[in-house]
Amino acid sequence: MRLRLSRLHHPVTALGPGRRVGVWVQGCVIGCPGCVSRDTWVAGPHHDVDVDDVLDRVAALDPAGLTGVTVTGGEPSEQPEALAALLTGLRALGAGHDWDVLCYTGVELDEFRARCPGAYPLVDALITGPYRAGEPTDLVWRGSANQRLVPCSPLGRRRYAPWVDARRDRPELQLQVDDDRVWLVGIPGRGDLARVERALQAQGIRLEGVSWRP
Ligand code: SF4
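Just so we're clear, the structure is a prediction, and the values are computed from it rather than from any experiment.

## Here we look at the UniProt feature "domain: BPL/LPL catalytic" (unreviewed entry) in the protein chain
Here's step 1: Sites flagged by UniProt as "domain: BPL/LPL catalytic" (unreviewed entry) map to residues 1-98.
Here's step 2: When the span residues 1-98 is considered, its composition is 24% helix and 26% strand, and the gap between its end C-alpha atoms is 26 Å.

In C-alpha cells:
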C-alpha cells in the first residue's frame with residue numbers, strides 16, 4: 001500500500017499528549033486561507049512511499065518511550081485506504097505500550113467517518129474541521145475555535161476527555177532542525193510566526209521558502 005507522505009517527526013510534544021511520533025501526510029485540496037502547512041497541499045509521485053517503510057521507521061524508535069502517534073498533514077482523509085493501512089500497522093506496533101492515535105482532519109466528524117470507514121475505528125481521537133484564521137483560539141492543539149477535539153474510543157475518552165475544553169497557557173511550538181530545514185511543529189498562535197521570524201532576523205537568519213506563505 002502506498003502513502004503520500006510529507007515527513008515524520010519525533011519526538012513531537014506539541015500535537016497531543018506526551019511524546020509522540022508525528023506523521024505528516026502529503027496532499028490537501030481543502031485550501032484553508034492562512035494554513036501554515038501549505039507545503040503539504042500539492043502531492044507528486046515523489047511523495048509516494050510504502051506504508052511498510054513508514055512503519056519500519058516508526059518501529060526503529062523506542063516504543064516504550066512513546067505515548068502515541070499524531071497523524072496530520074495535509075489531509076489524511078484524502079487517502080482513506082492508505083490511512084487505514086498505516087493505522088493498522090501503527091496499532092500493531094503500539095500494542096502493549098498504550099499508544100493512542102490522534103488524527104487531524106480538515107473535515108467534520110461525519111464527513112471523516114464517511115470518507116474513512118476503515119480508518120475511523122482505528123483512531124482514538126480526532127481534531128476536526130478546517131482552519132479558520134478569523135477564529136483564533138487558545139484551545140489546546142487547535143488552530144481555530146471551530147475545531148473540535150473528539151475522543152472516539154475508550155482509550156481516547158480516557159486520555160483526551162480532560163483536554164476537550166482545556167486551554168493552553170503558552171505557545172505549543174517546537175523547532176526541529178534537519179540537514180537544510182527548520183521545522184516548526186505545533187500550533188502557532190496569532191502573531192507567533194512573525195515573532196519567530198523577527199527573533200531569527202535579529203540573529204542574522206533570514207527565512208526563505210516558509211510553508212505559511214504562498
Ligand atoms: S489547515 Fe489542514 S485542512 Fe486546512 S488547508 Fe491546511 S492542511 Fe488542509
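## Side note on the environment of G22
Here's step 1: Mapping G22 onto the fold places it in strand β2 (residues 20-25).
Here's step 2: Counting along the chain gives 10 residues from G22 to V12, while the straight-line C-alpha distance between them is 6.0 Å.
Here's step 3: If we skip the residues at most four places from it in the chain, G22 touches R7, L8, H9, V12 and T70.

## Points about the nonpolar core
Here's step 1: Counting residues in each nonpolar core, the largest one holds 33 residues, and the members touching the most others are L3, V23, V71, L86, L87, F112 and L126.
Here's step 2: At the level of secondary structure, the elements contributing two or more residues to this core comprise β1 (2-12), β2, α1 (51-59), β4 (68-72), α2 (80-94), β5 (100-104) and α3 (109-115).
Here's step 3: The leading source of residues in this core is α2, at 6 residues.
Here's step 4: Counting 14 residues, the second largest nonpolar core, distinct from the first, contains V12, W141, A166 and V185.

## Thoughts on the state of the cysteines
Here's step 1: Per the stated rule, a full pass over the model turns up 0 disulfides.
Here's step 2: Free cysteine: C116, not disulfide-bonded; nearest cysteine sulfur from C103 at 7.3 Å.

## Brief notes about α1
Here's step 1: Those residues of α1 that fall on the buried side of the exposure criterion are V51, V54, L55 and V58. Along the axis of α1, the buried residues cluster in a sector spanning 100°; they form a single face. Exposed side of α1, more than 90 degrees from the buried face: D52 and D56 are the residues found there.
Here's step 2: In this structure, the buried side of α1 is in contact with β1, β2, β3 (48-50) and α2.

Here is what the cut-offs are and how they apply
- Residues numbered from 1 in each chain as written.
- Predicted model: local features only at pLDDT ≥ 70, side-chain atom pairs only at ≥ 80, totals over all residues.
- Heavy atoms only, no water.
- UniProt positions renumbered as here; feature names shortened; annotations may be inferred.
- Helix = DSSP H or I, 4+ residues; strand = E, 2+ residues; numbered from the N terminus.
- Contact = heavy atoms within 4.5 Å.
- Core = buried A, V, L, I, M, F, W, Y, C linked by side-chain atoms within 4.5 Å.
- Buried < 20%, exposed > 50% of the residue type's maximum accessible area, 1.4 Å probe, protein only.
- Disulfide = S-S within 2.5 Å.
- Arc of directions from axis to C-beta.

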